[in-house]
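What the coordinates show
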Amino acid sequence: MTFLPHPSEACEPCDPPGRVVLALPREIDFCNATGLLPLIMTAVDQRSDGLRLLVLDLTGTRFMDSQGVRLLDEVRRRLPGRARLRVVAAPTGVPSRVLELSGLRRDVPVYDSLPEALRPGSGAAA
């Protein structure tokens with residue numbers, strides 16, 4: 001259950017004002033999904049500059065089950081005000097396929113790379 005970077009540490013230049021980027025662990029399942037939610041929300045709450053974009057990076061995630069889908073949906077629902085969620089997932093990876101099959105991909109923009117997800121004006125989360 002390791003974040004890279006740790007959510008309580010700044011990640012410059014990864015986290016420009018109003019943005020937070022969190023890399024999620026190699027596996028997201030019933031063993032760790034519940035514990036990830038408070039860690040993600042703590043990182044969101046620590047942004048005093050007015051969070052506008054949260055990017056969850058799943059490129060290092062090799063396995064994700066329905067608990068990962070629930071986690072992403074809950075994060076999306078708990079984001080404050082105008083903040084939006086974007087996800088980065090390798091197009092041929094398990095997380096990308098799980099997001100597609102679950103239908104969450106309709107509600108959360110999924111990008112193939114971090115630079116693409118951080119690009120201003122990309123998708124519905126601009």
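Thresholds applied
- Residues numbered from 1 in each chain as written.
- Predicted model: local features only at pLDDT ≥ 70, side-chain atom pairs only at ≥ 80, totals over all residues.
- Heavy atoms only, no water.
- Helix = DSSP H or I, 4+ residues; strand = E, 2+ residues; numbered from the N terminus.
- Buried < 20%, exposed > 50% of the residue type's maximum accessible area, 1.4 Å probe, protein only.
- Areas by Shrake-Rupley, 256 points an atom, 1.4 Å probe, with all protein chains shown as cover.
- Salt bridge = Lys/Arg side-chain N within 4 Å of Asp/Glu carboxyl O.
- Arc of directions from axis to C-beta.
- Contact = heavy atoms within 4.5 Å.
- Pairing = 2+ DSSP bridges.
- Core = buried A, V, L, I, M, F, W, Y, C linked by side-chain atoms within 4.5 Å.
- pLDDT = per-residue confidence, 0-100.
- Expected span 1.5 Å × (residues − 1).
- Polar contact = N/O pair within 3.5 Å; in protein donor to acceptor, adjacent residues only side chain to side chain.

**Structural notes on the overall build of the protein**
- When helices and strands are tallied, the protein shows four helices and six strands.
- Written out in order from the N terminus, the α and β elements of the protein read β-β-α-β-β-α-β-α-β-α.
- The buried share of the protein, taken over its 126 residues, is 47%.
- Carbon and sulfur atoms provide 52% of the accessible area of the protein, an area that totals close to 6,700 Å².

**Some remarks on the pattern of salt bridges**
- Using the criterion set out here, one finds four salt bridges in the structure.
- For aspartate 73, the salt bridge goes to arginine 77, with nearest N and O atoms at 2.9 Å. Highlighted residues: aspartate 73 and arginine 77, both in helix α2 (residues 66-78), separated by four residues, approximately one helical turn.
- Since its relative accessible area comes to 56%, arginine 77 is described here as exposed.
- Here arginine 105 and glutamate 100 are joined by a salt bridge, their closest N and O atoms 3.7 Å apart.
- Each of Asp73, Arg76 and Arg77 takes part in a single network of salt bridges with overlapping partners.

**Remarks on helix α3 (residues 94-102)**
- Turning to α3, its buried residues number three or more, namely Pro95, Ser96, Val98 and Leu99. The arc that holds the buried residues of α3, viewed along the axis, is 165°, so those residues lie on one side.
- At its buried positions, α3 is contacted by β4 (63-64), α2, β5 (84-88) and β6 (110-111).
- Remark: glycine 103 follows α3 within two positions and exhibits a positive phi of approximately 90°.

**Considering the sheet that holds strand β3 (residues 53-57)**
- Read from one edge to the other, the open sheet built from four strands follows the order β1-β3-β5-β6, with strand pairing classed as parallel. Each having just a single partner strand, β1 (19-23) and β6 make up the two edges of the open sheet.
- Across five bridges, β3 lies against β5 in parallel orientation. Within the sheet, the bridge partner assigned to aspartate 57 lies in β5 and is valine 88.

**Quick notes on the nonpolar core**
- With 30 residues, the main nonpolar core has Ile40, Leu54, Leu56, Leu58 and Val75 as its most contacted residues.
- When contributions to this core are tallied by element, the ones reaching two or more residues are β1, α1 (33-45), β3, α2, β5 and α3.
- In terms of residues, this core owes the most to one element, α1, which gives seven residues.
- Excluding residues that lie within four positions of it along the chain, leucine 56 makes contacts with Leu22, Leu24, Ile40, Leu72, Val75, Leu85, Arg86, Val87 and Val88.
- In this structure, Val21, Val88, Tyr111 and Leu118 belong to the second largest nonpolar core, which totals seven residues.

**Notes on the confidence of the model for the protein**
- For the protein, mean pLDDT is 85; residues scoring 70 or higher make up 83% of the total.
- Predicted confidence in the protein is weakest over helix α4 (residues 114-118), with a mean pLDDT of 93, and strongest over strand β2 (residues 27-28), with 97.
- In the model, residues 1-13 has pLDDT below 50 throughout and makes 23 contacts with residues more than four positions away in sequence or in other chains.

**Points about α2**
- In a regular helix each residue adds 1.5 Å, so 13 residues correspond to 18 Å; α2 covers 18 Å between its end C-alpha atoms and thus fits that length.
- For α2, the complete set of buried residues consists of Gly68, Val69, Leu71, Leu72, Asp73 and Val75.
- Each element contacted by the buried residues of α2 is listed here: β2, α1, β3, β4, β5 and α3.
- Two or three places before glutamine 67, at the start of α2, stands the capping residue aspartate 65, its side-chain oxygen 2.9 Å from that residue's backbone nitrogen.

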